[in-house]
Amino acid sequence: MAEKDVNMLSLEEAAAELALLAQVLGAANLAYHQDDAPEISDSEYDRLKRRNAAIEAQYPSLKRADSPSEQVGAAPAEGFSKVIHAQRMLSLGNAFEDSEVEEFAQRVAKFLGVQDAGLSFTAEPKIDGLSLSLRYENGILVQAATRGDGETGENVTANARMIDSIPQQLQAVPELLEVRGEVYMSHADFENLNSEQAEKGAKPFANPRNAAAGSLRQLDANITKTRPLEFFAYAWGAVSEPLAETQMGAIERLGALGFVTNPLTKLCAGAEEMIAQYRVIEAKRATLPYDIDGVVYKVNALDLQERLGFRATTPRWAIAHKFPAELVWTRLEAIDIQVGRTGALSPVARLTPVTVGGVVVSNATLHNEDYILGRDNKGEEIRGGKDIRIGDWVQVYRAGDVIPKVADVDLSKRDESAAPYVFPTVCPECGSAAVREEGDAVRRCTGGLICPAQAVEKLKHFVSRKAFDIDGLGAKQIEMFYADEVLSIREPADIFTLAKRDAGELGKLKNREGWGSRSAEKLFEAIESKREIGFGRLLFALGIRHIGEQVAKLVAAHYVSWGRFREAMDAAQGERSEAWQELLNIDGIGEVVARALVTAFGQTHEREGIERLVSELIVVDAAQAASDSPVAGKTLVFTGTLEKMTRAEAKARAEALGAKVSGSVSAKTDLLIAGPGAGSKAKKAADLGIETIDEDGWISLVAGL
Ligand code: D41
């Protein structure tokens, strides 16, 4: 290869050469690590690697996600680099009861407008490990990434190359293939590893899952190499051609390509057979050599999976049927009340510490006062109506990775002197009345921002990682500033005036205990760097009740600009307004969420706080969803009967393409899709001169998008 001087390379040439080097060096690595048969000499390998680094230094923007400089023996010093998944890694909704599995099958059928008898599903064990996405280009493994938050994961390519059941090279595959599955450790290997850890005086792992995660996420991939990790393939991400027409076919194809797939995967004709396979897998659970925590069901036909699509983060076409959790008895020592950022008084059980599923548990949630009394949100009995008292023996369990819960109480062990628990009716933090609104299971402090607990929790949420994520301003610092008389932070806007106030006569953070001029300067810089913020992040950061990260994203993608959103919230104060309807029409936004938003913007106190904050910020517009589709940003109305898809499917499809779907025709309607039987809406659209198409027109408009 006649090589040009690195600084003579054009952008295109550099990109092409980096791609080639990634491939050549990747293959060389492979030959070296897997086959112990190096194809090129060490010195040639080193020379190519140096050339790769030189080109990357010349054109940093061209550095590839699978750059050879990121691999084997060259892990970045500070943790793993980030990988943005080409296709998001979705999560799974859960079912716990057989009835929820039946409901799932019915939901799918209803969405598609078919008889549920005609649908088939796969059922497979849900491996309790960690998910991994493997990217193959022209059959060569170029990148492995952990799930992370589903959008961005960690680059663990070097580590994944050390796992025997992950093929490094594939024959006869699509140009691009991302294979997804679960990395896990078998029980026997886990026991051995823990004995070795004990001999070395190292800390043992709590369970095989933690051992697998700890072993994969080693900065030094040579440590991963010594750990017995395994991989089951169960899904795929971006692919340049379809793998098959069905889920089962795709799994078989992955098996034929050399991946290990789970032998208990079975095709089922409906809910009854799915539940039967669940029982089969449940019965085998104790003798399987690895941990599983349930059974995953997936719609078999891939074209139907595609039509079903997904809600915020979970596919409509799959669900996890979880096994009941391990239950352990312990003593309830006390009940504490915590006040959250929305004023909710949350009772927390303080327990005598006990191990549940390999993790020591000393707290459990008691949800609310009805729960303690033995009633659920609908007023129906739980635990046979038994209440919970301090000193009781309670049975606890862990549901996933969340806070442990209480399942039962042992009345035979209750002390005679134990009195029913009296739930406070005043806020333990600020003394304001704590009231329960009609229909609300939760008692809330009415102190609003005068309640220090609410204000502090709101601020902690505001600076948290998924919100403003301000370096050096965490929960501890928020408490300090909240209590500081002079440099106080009482509401989010105060964060952005901190530096100015410090520069005045009184401030001088650098003279505070625990602070110096350097750390104060760094904090001001960190705050300054967050003055510019995305609309969705800002909305989430406000900590409005019911407005989580996903909802905030949906709202931001719909309104795009903060200004437009604020106007819409003003216009939506009347619940019959068009603005209110528009808000409700966003897919994933229901009445509860809509009301929470409109209320937050309608309350003088809260609104003024928001305005003070926003006046300190530069709010960046949200990216509009799927802006290159012909219906992006358009307002559509469906009317009449649709014959080839259900309303739900048509609406979901339109919204996935960035359109708004409204229930009524107005001057703002861009397009009416009218099926047979369309009445007054079609007439109104005609009167207003709005473009109208039929169902076939709609299908051809969005075909292939
Ligand atoms: O065995 C598993 N842990 C497993 C997890 C599985 N067999 N299938 C899965 N399928 C999916 C979809 C349907 C989204 C492709 C999954 C997961 N997801 C999953 N695991 C953790 C989050 C999502």
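Structure: see above.
The following refers to the structure shown. Residue numbers here run from 1 along each chain, matching the order of that chain's written sequence. Confidence filtering applies because this is a predicted model: local features only for residues at pLDDT of at least 70, side-chain atom pairs given and counted only at 80 or more, and all residues used for totals across whole chains, interfaces and linings. Think of the side-chain values as coming from all heavy atoms in the structure, minus any hydrogens and water.

Helix numbering and strand numbering both begin at the N terminus, where a helix is a DSSP run of H or I of at least 4 residues and a strand a DSSP run of E of at least 2. Broken down by element type, the protein carries 25 helices and 24 strands. The atom set for the radius of gyration is the C-alpha atoms, and the globule formula is 2.2 Å times the number of residues raised to the power 0.38. Relative to the globule expectation of 27 Å for 705 residues, the C-alpha radius of gyration of the protein, 29 Å, shows essentially globular dimensions. Viewed in the frame of its principal axes, the protein has a C-alpha envelope of about 75 × 75 × 65 Å. With a 1.4 Å probe rolled over the protein chains alone, any residue whose accessible area is under 20% of its type maximum counts as buried; one over 50% counts as exposed, and the rest are partly exposed. Of all 705 residues assigned to the protein, the portion counted as buried reaches 48%. At a minimum sequence separation of 6, the contacts of the protein that also span at least 24 residues come to 66%. Charged-residue counts in this description rest on Lys and Arg as positive and Asp and Glu as negative, His and the chain ends being excluded. Think of each charge as sitting on NZ of Lys, CZ of Arg, CG of Asp or CD of Glu. In the protein, which carries 81 positive and 104 negative side-chain charges, the distance between the mean positions of the two groups comes to 3 Å. In what follows, residue pairs with any heavy atoms lying within 4.5 Å of each other are defined as contacts.

Read from one edge of the open sheet, four strands run E22-E21-E23-E24, paired in parallel fashion. Single-partner strands in this sheet number two, and they are strand E22 (660-662) and strand E24 (691-693). Looking at each pair of strands side by side, their axes are set apart by 30° on average, direction ignored. Pairing geometry for strand E21 (residues 635-639) and E22, over three bridges, is parallel. Within E22, the residue paired with Thr635 across the bridge is Lys660. Interaxial angle, 0 to 180 degrees, is taken between N-to-C directions of lines fitted to C-alpha atoms, where a helix line uses only the stretch in contact. Of the strands in this sheet, E21, strand E23 (671-674) and E24 are in contact with helix H24 (residues 680-688), which crosses E23 at around 145°. Two strands pair if DSSP finds at least two bridges between them.

Our next topic: the site of the ligand. Near the ligand you find 16 residues, and of these Leu90, Glu124, Ile127, Tyr234 and Lys298 are the closest. Polar contacts, as used here, are pairs of N or O atoms within 3.5 Å; protein pairs need one atom able to donate a hydrogen and one able to accept it. Residues neighboring in sequence count only if both atoms are side-chain atoms. Taking Glu124, its side chain carries an N or O atom lying 2.8 Å from a nitrogen atom of the ligand. Accessible areas in this description were obtained via Shrake-Rupley with a 1.4 Å probe; residue shielding takes into account the shown protein chains only. Protein burial of the ligand: of its 490 Å² of free accessible surface, 89% is covered by the chains. Those elements that place two or more of their residues in the shell around the ligand are strand E3 (121-127), strand E8 (230-239) and strand E10 (292-299). The element that contributes the greatest number of residues to the shell around the ligand is E3, accounting for four residues. Classes in brief: Ala, Val, Leu, Ile, Met, Phe, Trp, Tyr, Cys and Pro nonpolar; Asp, Glu, Lys and Arg charged; the others, Gly included, polar. Here the shell around the ligand is composed, by residue class, of nine nonpolar, two polar and five charged. One heavy atom within 4 Å of a molecule or strand makes the whole residue count as near it.

By the criterion of burial, strand E4 (residues 130-137) is predominantly enclosed, with seven of the eight residues buried. In the sheet, E4 pairs with strand E7 (residues 176-184) via eight bridges, with the strands oriented antiparallel. Its bridge partner lying in E7, Leu130 is registered against Val183. Connecting E4 to the antiparallel partner strand E5 (residues 140-146) that follows it, the hairpin turn spans two residues, and Asn138 within it adopts a positive phi of roughly 50°.

Let's shift gears to unusual backbone geometry. Even without being glycine, His367 reaches a positive phi, approximately 60°. Locating His367 in the fold gives a position in the loop between strand E14 (359-365) and helix H11 (369-373). By relative accessible area, which is 30% here, His367 ends up partly exposed. Even without being a glycine, His546 presents a positive backbone phi close to 75°. With respect to the helices and strands, the residue His546 is situated in the loop between helix H17 (535-541) and helix H18 (549-559).

The next point concerns the packing of aromatic side chains. Side-chain rings of Phe, Tyr and Trp (the six-membered ring for Trp) are treated as a pair once their centres are within 6.5 Å; stacked means planes under 30 degrees apart, edge-to-face means over 60, and tilted covers the remaining angles. Counted by the stated rule, this structure contains 18 aromatic pairs. Their ring planes at 10° and their centres at 5.0 Å tell us that Tyr184 and Phe232 sit as a pair that is stacked. With a gap of 48 residues between them, Tyr184 in strand E7 and Phe232 in strand E8 connect regions that are remote in the sequence. Taking relative accessible area as the criterion, Phe232 reaches 5% and is therefore assigned buried. On the numbers, 5.3 Å between centres and 70° between planes, the contact of Phe232 with Tyr290 is edge-to-face.

On to the environment of Ala483. Summarising the element assignment, Ala483 is placed in helix H13 (residues 475-483). Owing to a relative accessible area of 54%, Ala483 belongs among the exposed residues under this scheme. In sequence terms Ala483 and Pro452 are 31 residues apart; their C-alpha atoms lie 9.4 Å from each other.

Here we come to the sheet that holds strand E9 (residues 266-268). In space, the five strands of this open sheet follow the order E2-E11-E10-E3-E9, with mixed pairing throughout. Two strands lie at the open edges of the sheet, namely strand E2 (94-95) and E9, each paired on one side alone. The pairing of E10 with strand E11 (residues 318-322) spans five bridges and is classified as antiparallel. By the bridge assignment, Gly294 is partnered in E11 with Lys322. Helix-sheet contacts for helix H9 (residues 271-284) involve E3, E9, E10 and E11, and the interaxial angle to E10 is about 155°.

In this analysis, a patch consists of residues with relative accessible area above 30% that form no salt bridge, clustered at 9 Å for like charges and at 5 Å for the nonpolar side chains Val, Leu, Ile, Met, Phe, Trp and Tyr. Every case where a carboxyl oxygen of Asp or Glu lies within 4 Å of a side-chain nitrogen of Lys or Arg is listed as a salt bridge. Where like charges cluster on the molecular surface, the negative patch consists of Glu102, Glu103, Glu272 and Glu273. Those elements giving two or more residues to the negative patch turn out to be helix H3 (98-112) and H9. Tracing the chain through its elements places Glu102 in helix H3. You can call Glu102 partly exposed: its relative accessible area is 38%.

Another aspect to go through is the pattern of salt bridges. In the structure shown here, the tally under the stated rule is 40 salt bridges. One salt bridge in this structure joins Arg414 and Asp392, with 2.8 Å as the shortest N-O distance. Highlighted residues: Arg414 in the loop between strand E16 (405-409) and strand E17 (434-436) and Asp392 in the loop between H11 and strand E15 (393-397), separated in sequence by 22 residues. Here Arg414 matches Asp392 in class, with each residue buried.

What follows is about helix H8 (residues 247-256). Residues of H8 that are buried: Gln247, Met248, Ala250, Ile251 and Leu254. Angularly, the buried residues of H8 cover 165° about the axis, an arc narrow enough to put them on a single face. Relative to its buried face, H8 has exposed residues pointing more than 90 degrees away, namely Glu252 and Ala256. One or two steps after H8, the chain reaches Gly258, where phi turns positive at roughly 115°. The directions considered for the arc are those from the helix axis to the C-beta atoms.

With that settled, the discussion passes to helix H21 (residues 591-602). Expected helix span is taken as 1.5 Å per residue step, with the number of steps being one fewer than the number of residues. The end-to-end C-alpha distance of H21, which contains 12 residues, comes to 16 Å, matching closely the 16 Å that a straight helix rising 1.5 Å per residue would cover. Within H21, burial applies to Val593, Ala594, Ala596, Leu597, Val598, Ala600 and Phe601. Where H21 is buried, its residues contact H17, H18, helix H19 (562-571), helix H20 (578-584) and helix H22 (604-614).

Structurally, the position occupied by Asn194 is in helix H5 (residues 187-199). Here the side chain of Asn194 touches Phe205 through a polar contact of 2.8 Å, landing on its backbone nitrogen. What Asn194 contacts, discounting residues up to four positions off in sequence, is Pro204 and Phe205.

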